Amino acid sequence: MSTATSKADNFIEEIIVEDLENGKHDGRIHTRFPPEPNGYLHIGHAKAIVINFETAKKYGGKTNLRMDDTNPSTEETLFVDNIQNDIRWLGYEWEGETRYASDYFDELYALALKLIDKGYAYVDESSAADIEKQKGDIGVPGTNSPFRDRSPEENRDLFERMRAGEFPDGSRVLRAKIDMAHPNLLLRDPVLYRIKHEAHHRTGGKWCIYPLYDFAHGQSDSIEEITHSLCSLEFRHHRDLYNWLIEALEIFPSRQIEFARMNVDYFITSKRKLKLLVDEGIVTGWDDPRMSTLAGLRRKGYPAEAIRNFCMDTGVTRRDNQQSLDLLEFKVREVLNRDAHRYMAVLDPVKLVITNYPEGQSEMLESENNPEDERAGTRQLPFSRELYVERSDFRKEPQNRKYYRLAPDKDVRLKSAYVIHCDGHEEDADGNVTQINCTYYPDSKSGDDTSGVKVKGTLHWVNAETAVDLDVRMYEPLFTDPTPMDHEDRDFMEFVNPNSLVSIRAKGEPALAEAQVGQQFQFLRQGYFTVDPDSTEGHPVFNLTVGLKSSWKG
RNA sequence: AGACCCAUGGUGUAAUUGGCAACACAACAGAUUUUGGUUCUGUCGUUCAAGGUUCGAGUCCUUGUGGGUCUACCA
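What counts, and where the lines are drawn
Residues numbered from 1 in each chain as written. Chains lettered and ligands numbered in written order. Predicted model: local features only at pLDDT ≥ 70, side-chain atom pairs only at ≥ 80, totals over all residues. Heavy atoms only, no water. UniProt positions renumbered as here; feature names shortened; annotations may be inferred. Helix = DSSP H or I, 4+ residues; strand = E, 2+ residues; numbered from the N terminus. Rg over C-alpha atoms; globule rule 2.2 N^0.38 Å. Buried < 20%, exposed > 50% of the residue type's maximum accessible area, 1.4 Å probe, protein only. Salt bridge = Lys/Arg side-chain N within 4 Å of Asp/Glu carboxyl O. Core = buried A, V, L, I, M, F, W, Y, C linked by side-chain atoms within 4.5 Å. Domains from an automatic or database assignment. Contact = heavy atoms within 4.5 Å. Near = heavy atom within 4 Å. Polar contact = N/O pair within 3.5 Å; in protein donor to acceptor, adjacent residues only side chain to side chain. Pairing = 2+ DSSP bridges. Axes fitted to C-alpha atoms, helices over the stretch in contact; angles between N-to-C directions. Right-handed = clockwise from strand over helix to strand, strands pointing away. Buried area = accessible area lost by both parts, 1.4 Å probe. Nonpolar A, V, L, I, M, F, W, Y, C, P; charged D, E, K, R; others polar.

Going by the annotation in an unreviewed UniProt entry, the name recorded for chain A is Glutamine--tRNA ligase, with Neolewinella xylanilytica given as the source organism. Quoted verbatim from the Sequence similarities (unreviewed entry) field of the UniProt record, the comment on chain A reads "Belongs to the class-I aminoacyl-tRNA synthetase family."

(A) The overall build of chain A, seen in detail. Broken down by element type, chain A carries 12 helices and 27 strands. By the compact-globule yardstick of 24 Å for 554 residues, chain A is too spread out, its C-alpha radius of gyration being 31 Å. Counting only C-alpha atoms and orienting by the principal axes, one finds that chain A spans roughly 100 × 55 × 45 Å. The 554 residues of chain A split such that 52% are buried.

(B) Here's a closer look at the pattern of salt bridges. In the structure shown here, the tally under the stated rule is 54 salt bridges. One salt bridge connects K118 with E250, and the closest N-O pair in it is separated by 2.6 Å. Here K118 is found in the loop between α4 (105-117) and β4 (121-124), whereas its partner E250 is found in the loop between α8 (236-249) and β9 (255-259), with 132 residues between them in sequence. Relative accessible area serves as the criterion here: at 35%, K118 is assigned to the partly exposed category. Of the charged contacts in the structure, one is a salt bridge between R175 and D124, with a shortest N-O distance of 3.0 Å. With a gap of 51 residues between them, R175 in strand β5 (residues 173-176) and D124 in strand β4 connect regions that are remote in the sequence. What you see here is one network of salt bridges that share partners, running through D287, R299, R473, D532 and D534.

(C) Layout of the nonpolar core. Core analysis: the biggest nonpolar cluster contains 49 residues, and I12, F33, I49, I87, L90 and I307 have the highest contact counts within it. At 7 residues, the largest contribution of residues to this core is made by helix α2 (residues 43-58). Taken domain by domain, the makeup of this core includes at least three residues from each of domain 1 (11-259) and domain 2 (271-341 + 471-547). In this structure, F33 is in contact with L41, H45, A48, I49, F53, T63, N64, L65, R66 and I87, ignoring residues within four places of it in sequence. In terms of nonpolar packing, the next biggest core, distinct from the first, is built from 37 residues, Y104, L174, I209 and A248 among them.

(D) Looking closely at the protein's contact with RNA strand B. In the neighbourhood of RNA strand B, 66 residues make up the surrounding shell, with R342, R405, S446, Q522 and R525 lying closest. Each atom of RNA strand B within 4 Å of the protein was assigned to sugar, phosphate or base; sugar and phosphate come to 57%. Here a sugar or linking oxygen of RNA strand B sits 3.4 Å away from a polar atom, N or O, in the side chain of N71. Contact between RNA strand B and W552: a base nitrogen at 2.8 Å from a side-chain N or O atom of the residue.

(E) Broad picture of unusual backbone geometry. Unusually for a residue other than glycine, E250 sits at a positive phi of about 55 degrees. The exposed category is assigned to E250, whose relative accessible area is 57%. One non-glycine residue, Y266, lies in the positive phi region at around 70 degrees. Mapped onto the secondary structure, Y266 falls in the loop between β10 (262-264) and α9 (271-279).

(F) Representation of the sheet that holds strand β3 (residues 99-100) in the model. Read across the sheet, 3 strands follow the order β1-β2-β3 without closing on themselves; strand pairing throughout is parallel. Among the strands making up the open sheet, the edge pair consists of β1 (30-33) and β3. Pairing geometry for strand β2 (residues 62-67) and β3, over 2 bridges, is parallel. Bridge pairing in β3 links M67 to Y100. Against the sheet, α2 engages β1 and β2, with an angle of about 160 degrees to β1. Packed onto the sheet, helix α3 (residues 77-90) meets β1, β2 and β3 and runs at close to 155 degrees relative to β2.

(G) How the structure looks around the environment of A101. Relative to the elements of secondary structure, A101 occurs in the loop between β3 and α4. With relative accessibility at 0%, the residue A101 sits in the buried group. Sequence separation of A101 and R66 is 35 residues, and the distance between their C-alpha atoms is 6.8 Å. In this structure, A101 is in contact with R66, M67, D68, D69, T70, L108 and S220, ignoring residues within four places of it in sequence.

(H) The arrangement of the pairing of strand β8 (residues 228-232) in detail. Within β8, 5 of the 5 residues are buried, which leaves it mostly tucked inside the rest of the structure. Between the parallel pair β8 and β9, the chain is carried across by α8, and the sense of this crossover is right-handed.

(I) Region of the structure containing the domain arrangement of chain A. With domains assigned, chain A is organised as domain 1 (11-259), domain 2 (271-341 + 471-547) and domain 3 (345-460). The straight-line distance from the C-alpha centre of domain 1 to that of domain 2 is 35 Å. On the domain 2 side, the residues contacting the 22 residues of domain 1 number 22 residues. The contact between domain 1 and domain 2 buries some 2,100 Å² in all, and 70% of this surface belongs to carbon and sulfur atoms. Broken down residue by residue, the surface that domain 1 buries against domain 2 is led by Y40, I43 and W89, which jointly contribute 32%. For the pair domain 1 and domain 2, the interface holds 3 salt bridges. Taking the shortest distance from any N to any O, the salt bridge between R318 and E258 comes out at 3.4 Å. Going through the elements one at a time, α1 (11-21), α2, α3 and β9 are the ones with two or more residues in the side of domain 1 that touches domain 2. Tallying contributions element by element places α2 first for the side of domain 1 that touches domain 2, with 6 residues. By residue class, the composition of the side of domain 1 that touches domain 2 is 13 nonpolar, 3 polar and 6 charged.

See the structure below:
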């Protein structure tokens, strides 16, 4: 069990340790994850989720889940369920019920009134365009709105009438009265409330005015008495406003701390861009295994544990970072190597005949399910005269002494079966190999090998007669460039990888026909594969999760 | 242009807060292996620049340089 004395692993934890030592908030640590329910969670959200939940957990704190649903135009209940599913799948359970910023609309409204009464906010009738002009520019001071100096009484009256629905959309806003010359543009009298005669997914038609992010997020933090409000770097400028409002409103002083977002090679995390991929039909949906969404990664077979490990091991800092896909895939293999059962499937089959194995004869051979885990047990494999092996495991001419696979006059081991000797092959008019002919050493049976034949290579295979057809989806990154968004001169769509999905028909050992959706396997010598939801009874569809590492440069 | 943030091997993150720059991934070499997987061993290579403070600087100061963020009635 972690205690308050746990060593700080990053700058956020340093702050927490210091707060704990100073007895701040009576040693209470409370974080929150505040998604906007208008889209799917992706790998970048995973980082934020992991940071918030793990940090709190480490110091004995709690984490809330709060839907930041202050904009009625964009949010939908549908997304709420998906978000909750994804967070639970990742392995986290939040404190209490799911919170909603919209649950605080009454309190927020009262807070706005308080701000008005204290002379810190005013109702502005300037048009959106005028307000933009009043903002000034970077390095250029803004100008005061002509409505800036109304009395608190007049402002209160106007604001109450805004709420009552007396004014049309866009005709008035509530603005904080701060400083139109402030170097931080966000403090040049930011808009706090806008009029939107629109129904909200939770509050229905109760409201026609809605707070903006800056007057909802921080206040929600305070209402929930969040001690450490962790967010990404682009909110740095908002912190000044966040703190200004805490002081002006005299509410619970949550502390906002920003960390750098995580970027991952070959992944994009822009909500808009992801939607474009879906809308343009580049992918089949938000849960397409090529997507950076948690739904996509899950469907591809990335274990939650691997994603968690990845997020934790990449650390927490304030500098821009670009994580390599290599590390993510390493984390995925690390978990799957431990857990996935090994099966044999031939992705690009070519027939292999063992000419000295009696026709009509067959036998069952035993094979271990996972050499990393004895408890995984063993299974029986049918073996007979005709098999399928991988086309790429045969060469018409032996390459060099570093080549361990099939070629004329070469010996190889068939995994869990016999050592065979390659005698030759047959081919069609175009030179395509149609059959490989071999002889086997009857005394080389796996586990009982007295043949004395030494081989360097071991191949996977399936018994031709009993093999089942497998639909397999081979994936590559969705983009040909690790950072498709980083080209000023080229659109990211230009980098869509035409080979990101290649569907093939493979031959698998019989037991694979029974594979259940979500089950994960290692196809020996190939990679890790996960059964896709598109599977039907007896006809599994497999997704390539990640290939095995290979040190062979053939 | 103004304000703010950031700068350590190819990538990412450490460095007992001023005391021998390390860990992971990647790459490369070897050992083991009935998966060219796993495991094990080794190699490679790092403090943005220039000044300053100090016995001593990745760490502190100054000035540069480079990168990022900010002018939505989005979050």
